[in-house]
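Listed below, chain by chain, are the residues.
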Amino acid sequence: WKDIIGKTVNTGFRFNEGETMYEVLQPHTLSEERVPGAGTESLYKVVQEEHEGTKSDPIPWQLNMELYNGKYYTDKNVLYLCIRDSGMGLSFALADLVSGGFVKVVNE
């Protein structure tokens, strides 16, 4: 992250901040004032490529991640199945997205 501050980036550009990969959602110049995280949800979303999103290999949930219909996610040791694409990164725990119809708890 620190190595690319000041770079002008376009939508789709990916970079790592710590161990998390982010994707740029709108063109802008990277700056120290716009670090990925709370308050920058319109600029970045979390991307993961390590897990398949299957029941046996669920995706560990992180804030600002996008949900994909049919994929499995884990949050706070609970397994969820996504039942509706979110279309954008979300800043909520998965338990809070059950009532919104994005995920359902998977009973094993």
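See the structure above.
Read on for a plain summary of the structure. (Residues numbered from 1 in each chain as written. Predicted model: local features only at pLDDT ≥ 70, side-chain atom pairs only at ≥ 80, totals over all residues. Heavy atoms only, no water.)

1. A look at the pattern of salt bridges
A side chain of one charge can pair with a side chain of the opposite charge when the charged atoms of the two come close.
Argument step 1. Tallied over the full model, the rule gives four salt bridges.
Argument step 2. Put simply, Glu66 and Lys45 hold a salt bridge, and the shortest N to O gap is 2.4 Å. One end of the pair, Glu66, is in strand 7 (residues 65–66); the other, Lys45, is in strand 5 (residues 44–47), with 21 residues separating them in the sequence.
Argument step 3. Here the salt bridges share partners, and the residues they tie into one network are Arg14, Glu23 and Glu49. (Salt bridge = Lys/Arg side-chain N within 4 Å of Asp/Glu carboxyl O. Helix = DSSP H or I, 4+ residues; strand = E, 2+ residues; numbered from the N terminus.)

2. Overview of the packing of aromatic side chains
Argument step 1. The full count for this structure, using the stated rule, is five aromatic pairs.
Argument step 2. Centroid distance Phe13 to Phe15: 6.2 Å. Interplanar angle 25°. Geometry classified as stacked.
Argument step 3. Here Phe15 falls in the buried class, since its relative accessible area comes to 6%.
Argument step 4. Ring centres of Phe15 and Tyr44 lie 5.5 Å apart, and the angle between their planes is 80°; this geometry places the pair in the edge-to-face category. Of this pair, Phe15 sits in strand 2 (residues 14–17) while Tyr44 sits in strand 5, placing them 29 residues apart in sequence.
Argument step 5. The class for Tyr44 is buried, based on a relative accessible area of 2%.
Argument step 6. Pairwise contacts between aromatic rings join Phe13, Phe15, Tyr22 and Tyr44 into one cluster. (Phe/Tyr/Trp six-rings, centres within 6.5 Å; stacked < 30°, edge-to-face > 60°. Buried < 20%, exposed > 50% of the residue type's maximum accessible area, 1.4 Å probe, protein only.)

The values reported here are purely geometric and, on their own, carry no functional implication.
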